[in-house]
Protein chains: 2
Amino acid sequence: MTSTPTLTKNQDLVLGVLKRSDAPLSAYVILDKLRDNGFRAPLQVYRALDKLLEKGLIHRLESLNAFVACAHSGESCCSHGTVAFAICNACGHVMEFHDHTVDHRLADWTKARGFKPEKTTIEIRGLCASCAA
Amino acid sequence: MTSTPTLTKNQDLVLGVLKRSDAPLSAYVILDKLRDNGFRAPLQVYRALDKLLEKGLIHRLESLNAFVACAHSGESCCSHGTVAFAICNACGHVMEFHDHTVDHRLADWTKARGFKPEKTTIEIRGLCASCAA
DNA sequence: TACAATTATGTAATGTTATTACATATGTTG
DNA sequence: CAACATATGTAATAACATTACATAATTGTA
């Protein structure tokens, strides 16, 4: 058995590449890694990425224009809150976390103003412990 | 007197365009708006944007690849904390705010892990009160 | 099974965002 | 003024993403 059922061939290939990477990958890097699997055009990657995002199996890092596999696939914590990322500018490593207090504070702010949130991005760029040392 | 002293001609022109806009603008839209002022190439815009970002007079919206004038220029609140944005997907309007509790929670998280933050992005995409109604 | 509808895929072309490289000008300081 | 740093002009190219159109595979159902 491969990664996860209910995925199409291309989705499974793209997810596999992301899972094996220890840093975020751009769509074009993914494309290059899948040339040998028959990928020829960006759209093949972007379509798979869209579906994987829908299914919550990957995340898009807006400040990087790149993608990572979800670190908590299957766990319940992912399902009820905004995911935050700490991204090392030196080694590229990404830590995924979430914080209920942050969620609540942002929810309070939006609720007070009648703003209806759809998707929230929280990304901390900086240096991880190893690289800052 | 124009916008703000200590700005070069191009920086002042770009900042002016952003201040007059009620929605974020991409670098290329700014370029088009400044053709009559002698702008010919993207780099003229990007260089001005870089300097304005350094000076804290504008913000870059990562989820939009676009730029807005800082809503709190000159106020002290801006200087000690991460700025957050609520961005309406319908009308494009952006609300800028900041929240000390959120800042503290994120600082606690990074401190506990030895992560040294350099720049934090918080962007809430959704529908503003008017558009959600 | 056969059919229709939906979903996934392949390919090319194009659109949008951002940077590199190189030349020239302007401003500041000793 | 000379040396240095900063700002600007221009062209080319790189990186990221979408539109348009054609074909194949899958799914639901009569």
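Per an unreviewed UniProt entry, the recorded name for chain A is Fur family zinc uptake transcriptional regulator, and the organism is Allorhizobium borbori. Annotation of chain A in UniProt includes, under Sequence similarities (unreviewed entry), the sentence "Belongs to the Fur family."

Q: Could you clarify how one ought to interpret the relation of the copies chain B and chain A in this entry?
A: Copy one and copy two of the chain differ by a rotation about a common axis and a shift along it. Placing chain B over chain A gives an RMSD of 0.0 Å and needs a rotation angle of 180 degrees, together with 0.0 Å of translation along the axis. On this basis, the relationship between the two copies can be described by a two-fold rotation axis. Counting the interface residues of chain B, we find that 100% of their copies in chain A are interface residues as well, pointing to one common contact surface.

Q: Honestly, helix 4 (residues 100–113) of chain B in this entry has me stumped. Any pointers?
A: Residues separated by three or four positions in an α-helix point in the same direction, a consequence of the helix having 3.6 residues per turn. With 14 residues, helix 4 of chain B extends 20 Å from end C-alpha to end C-alpha; this agrees with the ideal 20 Å at 1.5 Å per step. Among the residues of helix 4 of chain B, those classed as buried are B:Val102, B:Asp103, B:Leu106, B:Trp109 and B:Thr110. Projection of helix 4 of chain B onto a plane perpendicular to its axis shows the buried side chains occupying an angular sector of 130 degrees, all on one side. Of the residues in helix 4 of chain B, the exposed ones pointing more than 90 degrees away from the buried face are B:His104, B:Lys111 and B:Ala112. As for helix 4 of chain B, its buried residues are in contact with strand 3 (84–88), strand 4 (94–97), helix 4 (100–112) and strand 5 (116–127) of chain A together with strand 5 (116–127) of chain B. Immediately beyond the C-terminal end of helix 4 of chain B, within one or two residues, lies B:Gly114, with a positive phi of roughly 70 degrees.

Q: What should I look at first to understand the pattern of salt bridges in this one?
A: It is possible for side chains bearing opposite charge to pair when their charged atoms get close. Taken as a whole and assessed by the stated rule, the structure comprises 8 salt bridges over all chains. Note that A:Lys51 is salt-bridged to A:Glu54, the shortest N-O span being 3.9 Å. A residue pair is termed a helical-turn pair when its members lie 3 or 4 positions apart in one helix, as A:Lys51 and A:Glu54 do in helix 3 (residues 42–54) at 3 residues. By relative accessible area, A:Lys51 is classed as partly exposed at 36%. Given the relative accessible area of 62%, A:Glu54 is considered exposed. A salt bridge links B:Glu62 to B:Arg60; the nearest nitrogen and oxygen atoms lie 3.1 Å apart. A residue is classified by how much of its surface remains accessible, and B:Arg60, at 26% relative accessible area, is partly exposed.

Q: Explain the protein's contact with DNA strand C here, please?
A: In the neighbourhood of DNA strand C, 15 residues make up the surrounding shell, with A:Gln44, A:Arg47, B:Tyr28, B:Leu43 and B:Arg60 lying closest. Contact between DNA strand C and A:Asn10: a phosphate oxygen at 3.2 Å from a side-chain N or O atom of the residue. Elements represented by at least two residues in the surface near DNA strand C include exactly helix 1 (9–20) and helix 3 of chain A together with helix 3 (42–54) of chain B. Among the elements that take part in the surface near DNA strand C, helix 3 of chain A stands out by supplying 4 residues, more than any other. Classifying every residue of the surface near DNA strand C by side-chain character gives 5 nonpolar, 5 polar and 5 charged.

Q: What is the right way to read the UniProt feature "binding site: Zn(2+)" (unreviewed entry) in chain A from this model?
A: Residue and element names in this part refer to chain A. The sites that UniProt annotates as "binding site: Zn(2+)" (unreviewed entry) are Cys88, Cys91, Cys128 and Cys131. A stretch of 44 residues holds the annotated residues, and the largest C-alpha distance among them is 8.1 Å, short enough that they meet in one place. Residue position: Cys91 is located in the loop between strand 3 and strand 4. Judged by relative accessible area, Cys91 falls into the partly exposed class, the value being 42%. If we skip the residues at most four places from it in the chain, Cys91 touches Cys128 and Cys131. Within the element layout of this structure, Cys128 appears in the loop between strand 5 and helix 5 (129–132).

Reading the values: rules and limits
Residues numbered from 1 in each chain as written. Chains lettered and ligands numbered in written order. Predicted model: local features only at pLDDT ≥ 70, side-chain atom pairs only at ≥ 80, totals over all residues. Heavy atoms only, no water. UniProt positions renumbered as here; feature names shortened; annotations may be inferred. Least-squares fit on C-alpha atoms with pLDDT ≥ 70 in both. Contact = heavy atoms within 4.5 Å. Helix = DSSP H or I, 4+ residues; strand = E, 2+ residues; numbered from the N terminus. Expected span 1.5 Å × (residues − 1). Buried < 20%, exposed > 50% of the residue type's maximum accessible area, 1.4 Å probe, protein only. Arc of directions from axis to C-beta. Salt bridge = Lys/Arg side-chain N within 4 Å of Asp/Glu carboxyl O. Near = heavy atom within 4 Å. Polar contact = N/O pair within 3.5 Å; in protein donor to acceptor, adjacent residues only side chain to side chain. Nonpolar A, V, L, I, M, F, W, Y, C, P; charged D, E, K, R; others polar.

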